[in-house]
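Fold and geometry: a report
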Amino acid sequence: MEKKPFFITTPIYYPSDNLHIGHSYTTVACDALARYKRLQGYEVMFLTGTDEHGQKIQDKAAARGVTPKQYVDNIVAGVKELWKLMNISYDRFIRTTDDYHVQSVQKIFRTLYEKGDIYKGEYVGHYCKPCESFWTDSQLVDGKCPDCGREVYDAHEEAYFFRTSKYAERLLKLYEDQPEFIQPETRKNEMISFIKQGLQDTCVSRTTVPWGIPVDFDPNHTVYVWVDALPNYITALGYGNDTYHDFEKFWPADLHMVGKEILRFHTILWPAMLMALELPLPDRVFGHGWLLLNGGKMSKSLGNVVDPVVLCKRYGVDAIRYFLLREVPFGNDGVFSNESLINRINIDLANDLGNLLSRSVAMVEKYFGGTLPVERQNGEFDDELKTMCEAMPAAVTSCMDKLLCPQALQEIFKVIQRANKYIDETMPWVLAKDEANRARLATVLYNLLETLRCCTVLLGAFLPETAPRIFEQLGIAEGNEEIKSFDSAAQFGLLPADVTVKKGEALFPRIDLAKELAELEAERAAKAAAAEAAEPKEQKPAEEKKPESDSEIAQHLPTITIDDFGKVELRVARVLTCEAVPESKKLLKFTLFDGERERLILSGIARWYTPDQLIGKNVVIVANLAPRPMLKGKYVSEGMIVSAEDDEGNVTVTQFPDSVKPGSLLG
C-alpha cells in the first residue's frame, strides 16, 4: 500500500548568531509532528534550514572582518550540530545560499516580472534592520518598528515591487473558504484587519545591500530577503531547479510552522506570490507563541537567551524536548524558568514515567526472577487500565491533528498515572506473600509491562532517546517492529506471555530542586560578577530621601509619566469559564476572551467571589503583563484581572456592561 505524503516545514532561521531555546521549541514541535506522522505510516518530508542573506548579516560579517558567506558558514555548522544533539529528524536542510535555491529564486523573480506582478519603482519609507521589514509612516508605532519596537531608519532607493495589493480580495476569500488556513483561529483576525487597512505593494529588491541574490536581468538589484526566503518551501522540492524532484509528490505543504512575529509574511505575502505563480497554496500555517524569559521574548539582539546546548548537557536531551512540548501552550506564549523545567522533570518524567518502569521491572525480577510465568488470573481494575490503553492512540492522534502537543502528552500520561494507581490498587507486594496468588500477580505485572509498551510506542515521537531504553528494559528486542508499530499501541496483550525484563539505569534521576536552583543561582551570580568586573565603574547616584512614615509608602507610589502609563494595556475581556483551583483556597481560574483569543488567568479573589458570579461578565484585564508560572509551574497566568480594595480589605472586580465589546481598550 502506497504511503500518503506529508510535508512539514519550520521557518528557515536567520543565522545572525547562535540559535536559542526559542528556536529549539519550534523545531522540536515540528520534529514530534514529523515523527508521529512517520509512526502512522506517512511518507514524511520534514524541511528546515537557514535564511542567510540581508543587511544584518552583511553588517555583522563586516564587523568581524570576514565575508558574509564565511560568517554564515560558521553559524550554520553550529545550527546543524544543535539539531543533531536534539535528535531533529529533518529530511532536508536548505540554505538560501545554495546554488539551486539561487537559481530558482531568480527564475521566480523573472517570471513574476514578465507577468507584470513585479514592477520597478522607488521606495521612500522606513526600514527595520532586525526584522528586515519596510514600513510606512502610518504603520510605525511611536516612530518605531511595530513588530519589534526598535528604531527604524529612513530608506530611499530604486526598488522593484510585488503587486501584493492585487491579491487582497483573493486573500480574504481564502481565509473565508479555508478557515483552517491560519491557525490558531485568533491570529486570522489580525491578518484580516491588516489587509482591510489597505494592503500595500511589497518592496522586493534592494540596491544598497549587495549581500543577496542578484536580480539576473538587473544586477544592480538584489532580491529582498522575504522574497528570497519564502520560496525555499518549493525550491527545496525542486521547483525551478534540477537538484531535487519531489515537488509533485509533496507540494502543497501540509503545514508551515512559524513564530507569530512572521505569520503575516507567511499568510499574506507568501500565498499572494503562490497565487501569482498559479501554484497550490499550503494547507495550514500555524503561528505559535513565544517562549518568554523573565517576562520578555527571547531575542539574540536583546541578549536574553537560554542556550539549549547547556540545558541538554545538564538535564538530557529528552528532558528538554519534553519540557518544550508539554509546558508551552500551543499557539500562546509560554514561560521558561529553571524551576518549571526541574518540576516537569521530577513530576512527570522521574516520578510518573521513570518510577512506573523501575517499579514494574524490579517486581518482575524480585518475584519471578525476571521472566513472567504464563499462568493468568484476571481481576478487579484490569479492564479499566486495558480500555484506557486501547483508547489512547485515537485520543493522542486527535490532539496531534489539531497541533496540540501538550494535550497529546497529557493523554499519554493519563494512562501512565492510571498505571501507577493500578499498582496501589492491586498491591503486588501483598499478592507475592501467598503462592496461591501467583497467577494473579503475574497478570498484574504483565498488565503494567504492556501498558508501558503501549505508551512507549507513542512516546517515541516525543522522546526518541528514551523510548528505545524503555523497550530494552521491557525485553523488546531491537528490530521487533511488530509490537512497536502505531497499530500495536491500540492492541493490548501483544507482549509474549513469558516476557523477560532487563533492569536498566533510571530514565530520569530525580533532581533536588532547592540544591539545583542554588547551584544555578551561584553560577549566574558568578557570571554577573565577572561581567560587572569587566565593565568600567560608574558613579552611583545619590540615594533618594526615604519617606518619613510607612503611611507614605502605603498610600502613594512614585509619580509616573504618561509614557509609563501608556505601557500598560488595559483591555475589556469576557469571562467564559471560572472554577476553583484545588491546590489553592485563594485562587480562581478564569478563561477569558480578550477580543482576539482565549487566555487563562489565575486571580486571588476566591474569598470574595464564587466561580459562578463572574461567568459571562465583562471585566478589565492587564493584557500585556508577562505570563507567570504559578503553583510550581502547573498553570501559566496570562495577565491580571483589575479589582479595587477598600480600607477594610474587601475586593471588588472592575466590570463593564454587556454593551462594551471584549477587546475594548481603556485609556
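In this report, we go over the structure that sits alongside the text. (Residues numbered from 1 in each chain as written. Predicted model: local features only at pLDDT ≥ 70, side-chain atom pairs only at ≥ 80, totals over all residues. Heavy atoms only, no water.)

Some remarks on the side chain of His 53
You can see His 53 is positioned in the loop between strand 2 (43-50) and helix 2 (55-64). On the basis of relative accessible area, His 53 is assigned to the buried category, the value being 4%. For His 53, the side chain forms a polar contact with the side chain of Asp 228, separated by 2.5 Å. (Helix = DSSP H or I, 4+ residues; strand = E, 2+ residues; numbered from the N terminus. Buried < 20%, exposed > 50% of the residue type's maximum accessible area, 1.4 Å probe, protein only. Polar contact = N/O pair within 3.5 Å; in protein donor to acceptor, adjacent residues only side chain to side chain.)

Overview of the pattern of salt bridges
Inspection of every chain in the model, using the stated rule, returns 35 salt bridges. For the salt bridge of Asp 73 with Arg 95, the shortest nitrogen-to-oxygen distance reads 2.5 Å. Placement of the pair is Asp 73 in helix 3 (residues 68-85) and Arg 95 in strand 3 (residues 92-95), with a sequence separation of 22 residues. Here the salt bridges share partners, and the residues they tie into one network are Glu 52, Lys 69, Asp 73 and Arg 95. (Salt bridge = Lys/Arg side-chain N within 4 Å of Asp/Glu carboxyl O.)

What to know about the state of the cysteines
Summed over all chains, the structure comprises 0 disulfides. Between Cys 30, a cysteine without a disulfide, and Cys 405, which holds the nearest cysteine sulfur, the sulfur-to-sulfur distance is 9.0 Å. The class for Cys 30 is buried, based on a relative accessible area of 0%. (Disulfide = S-S within 2.5 Å.)

Quick look at the pairing of strand 18 (residues 598-603)
Where strand 17 (residues 588-593) meets strand 18, 6 bridges bridge the pair, whose relative direction is antiparallel. Opposite Thr 591, over in strand 18, you have Leu 600 as the bridge partner. Where strand 17 folds back onto strand 18 in an antiparallel hairpin, the turn is made up of 4 residues, including Gly 595, whose phi is positive at roughly 95 degrees. (Pairing = 2+ DSSP bridges.)

Structural notes on helix 14 (residues 382-401)
Count 3.6 residues to each turn of an α-helix, and residues three or four apart come out pointing the same way. In this model helix 14 runs 30 Å from its N-terminal to its C-terminal C-alpha over 20 residues, within 8% of the 28 Å that 1.5 Å per residue would give. The largest bend in helix 14 amounts to roughly 40 degrees and is located at Met 392, with the proline Pro 393 lying one to four residues further along. Considering only its buried residues, helix 14 is in contact with helix 1 (21-40), helix 15 (405-426) and helix 17 (438-459). Two residues or fewer past helix 14, Leu 403 is found with a positive phi of approximately 65 degrees. (Expected span 1.5 Å × (residues − 1). Bend = angle between axes of the 7 residues up to and from the residue. Contact = heavy atoms within 4.5 Å.)

Remarks on unusual backbone geometry
The linkage connecting Gln 183 with the following residue, Pro 184, adopts the cis geometry, with an omega of -5 degrees. With respect to the element layout, Pro 184 can be found in the loop between strand 7 (182-183) and helix 6 (185-196). Positive phi is not limited to glycine here, since Asp 142 has a value of about 55 degrees. Counting through the fold element by element, Asp 142 comes out in the loop between strand 5 (133-135) and strand 6 (153-162). Even without a glycine there, the phi angle at Phe 381 is positive, about 80 degrees. The residue Phe 381 is located in the loop between helix 13 (338-368) and helix 14 in this model. For Phe 381, a relative accessible area of 26% corresponds to the partly exposed category.

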